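Structural description and commentary
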Amino acid sequence: MSEDESHDMVRQRLAEKMAGEITLSEKPGEALKKWRLNFEIAQTDLSGYLSVSPSVISDYESGRRKSPGTLIVSRIVDALLEIDSQRGGQKIHAYEGILFADKKSKAIYATYEYTFPMQVAKLANIIEADIVNKGVEKPLYGFTVVDSKKAILELSSHEFQKLYGWSTERAMIFTKVTTGKSPMVAIRVTNLKPGAVVMHGLRGSEVHLMAKKMAEIDRIPLLATTMDIDEMVEALKKYSEYHVME
């Protein structure tokens, strides 16, 4: 199989995944926004490609406009993928390992997806964390708890990307951290960047200055917490249950 054929196959599989999730979601606007943010595409760039007003995309994402039908969803998904292809296809390539993964990485302690996004400030409050670097505020659509030693020692940079699940807009929580430098180095060399990084087992003052500097360069919110890991996972899951009951 040629490189172009492989790219097209990954793109087709990814398009099916994206369109299915958006169409079947109880909040299709939120799902649409999540994927647009995953691909780091501005509303103006997407609307420009589709030849519509930016307010149209904004209205779909906020729920002000009637949920898009399958035809419109397909057009939007194709636009996101085509814009990424024109930029070199880095995001599409990054999702290849996730699409064809045959098993869950042993480095993953827990993973969870949110229907309703969480803000970084809320995350910090729930897990009793110190904010080491404020970074750029992004909505978080899930979290992954990672055994940092297994992830760094056993996973290649390509395999490391599988830890993101289906949304890069998530909190990556690294356990068994000594200084915080290694996880930030691993993140720097991948195409996908998380919405936030949490160093588990450290207080904010114990995070290495180099880790903080790398977070500043990549504009990633960086947090640190010593909360019991099982209590932390349960508290984060209850956030989603709370919104469902509302």
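For the structure itself, consult the block above.
Presented here is a report on the structure given in the accompanying data block. (Residues numbered from 1 in each chain as written. Predicted model: local features only at pLDDT ≥ 70, side-chain atom pairs only at ≥ 80, totals over all residues. Heavy atoms only, no water.)

Brief notes about the overall build of the protein
Stated precisely, the cut-off is as follows: Helix and strand assignments follow DSSP, with helices taken as H or I runs no shorter than four residues and strands as E runs no shorter than two, numbered in order from the N terminus. Only protein chains enter the area calculation, which uses a 1.4 Å probe; residues under 20% of their type maximum are buried, those over 50% are exposed, and those in between are partly exposed. By definition, residues are in contact when any of their heavy atoms lie within 4.5 Å.
Within the protein, the secondary structure is distributed over twelve helices and six strands. Every one of the 246 residues in the protein was classed for burial, and the buried ones make up 48%. Contacts spanning at least 24 positions in sequence make up 78% of the contacts within the protein whose residues lie at least 6 apart.

A closer look at the packing of aromatic side chains
Counted only if it meets this: In this scheme Phe, Tyr and Trp rings, the latter by its six-membered ring, pair at centre separations within 6.5 Å, and the angle between planes marks the pair as stacked below 30 degrees, edge-to-face above 60, and tilted otherwise.
The full count for this structure, using the stated rule, is five aromatic pairs. Between the aromatic rings of Tyr112 and Tyr114, the centroid separation amounts to 5.8 Å while the plane-to-plane angle is 70°, which identifies the pairing as edge-to-face. Look at Tyr114 and Tyr239: their rings are 5.2 Å apart centre to centre, the planes differ by 65°, and that puts the pair in the edge-to-face class. Remark: Tyr239 occurs in helix 12 (residues 229–245) and Tyr114 occurs in strand 1 (residues 108–118); sequence separation between them is 125 residues. Residue Tyr114 is classed as buried on the basis of its relative accessible area, which comes to 7%. Of the aromatic side chains, those joined through ring pairs into one cluster are Tyr112, Tyr114, Phe143 and Tyr239.

With respect to the nonpolar core
Which entries qualify depends on this criterion: Among the buried residues, those of types Ala, Val, Leu, Ile, Met, Phe, Trp, Tyr and Cys that are joined through side-chain atoms within 4.5 Å form a nonpolar core.
Residues Leu14, Met18, Trp35, Phe39, Leu46 and Leu81 are the most contacted members of the largest nonpolar core, which totals 24 residues. At seven residues, helix 5 (residues 70–86) tops the list of elements feeding residues into this core. Discounting residues that sit within four places of it in the chain, Leu81 has contacts with Arg11, Leu14, Ala15, Met18, Phe39 and Ile92.

Observations regarding the sheet that holds strand 6 (residues 222–225)
Where we set the bar: DSSP bridges decide pairing: two strands pair if at least two such bridges lie between them. Under this scheme, a helix contributes an axis fitted over its contacting stretch, all axes are lines through C-alpha atoms, and angles between N-to-C directions fall in the 0 to 180 degree range.
Strand order in the open sheet made by the six strands is 1-3-4-5-6-2, with mixed pairing throughout. The sheet is open, and its two borders are formed by strand 1 and strand 2 (130–133), each paired with just one other strand. Averaged over all pairs of adjacent strands, the angle between strand axes in this sheet comes to 20°, irrespective of strand direction. The pairing of strand 5 (residues 196–200) with strand 6 spans four bridges and is classified as parallel. Across the sheet, the residue bridging to His200 is Thr225, located in strand 6. Packed onto the sheet, helix 10 (residues 181–188) meets strand 4 (171–175), strand 5 and strand 6 and runs at close to 155° relative to strand 5.

Some words on the pattern of salt bridges
For side chains bearing opposite charge, pairing can occur when the charged atoms are close. Quick reminder of the rule: Basic side-chain nitrogens of Lys or Arg form a salt bridge, by our definition, when they fall within 4 Å of a carboxyl oxygen of Asp or Glu.
Evaluation of the coordinates by the stated rule reveals eleven salt bridges. In this structure, Arg36 engages Glu61 in a salt bridge whose closest nitrogen and oxygen atoms are separated by 2.6 Å. Taken together, the residues span a long stretch of sequence, with Arg36 in helix 2 (residues 28–38) and Glu61 in helix 4 (residues 54–62) at a distance of 25 residues. On the basis of relative accessible area, Glu61 is assigned to the buried category, the value being 7%.

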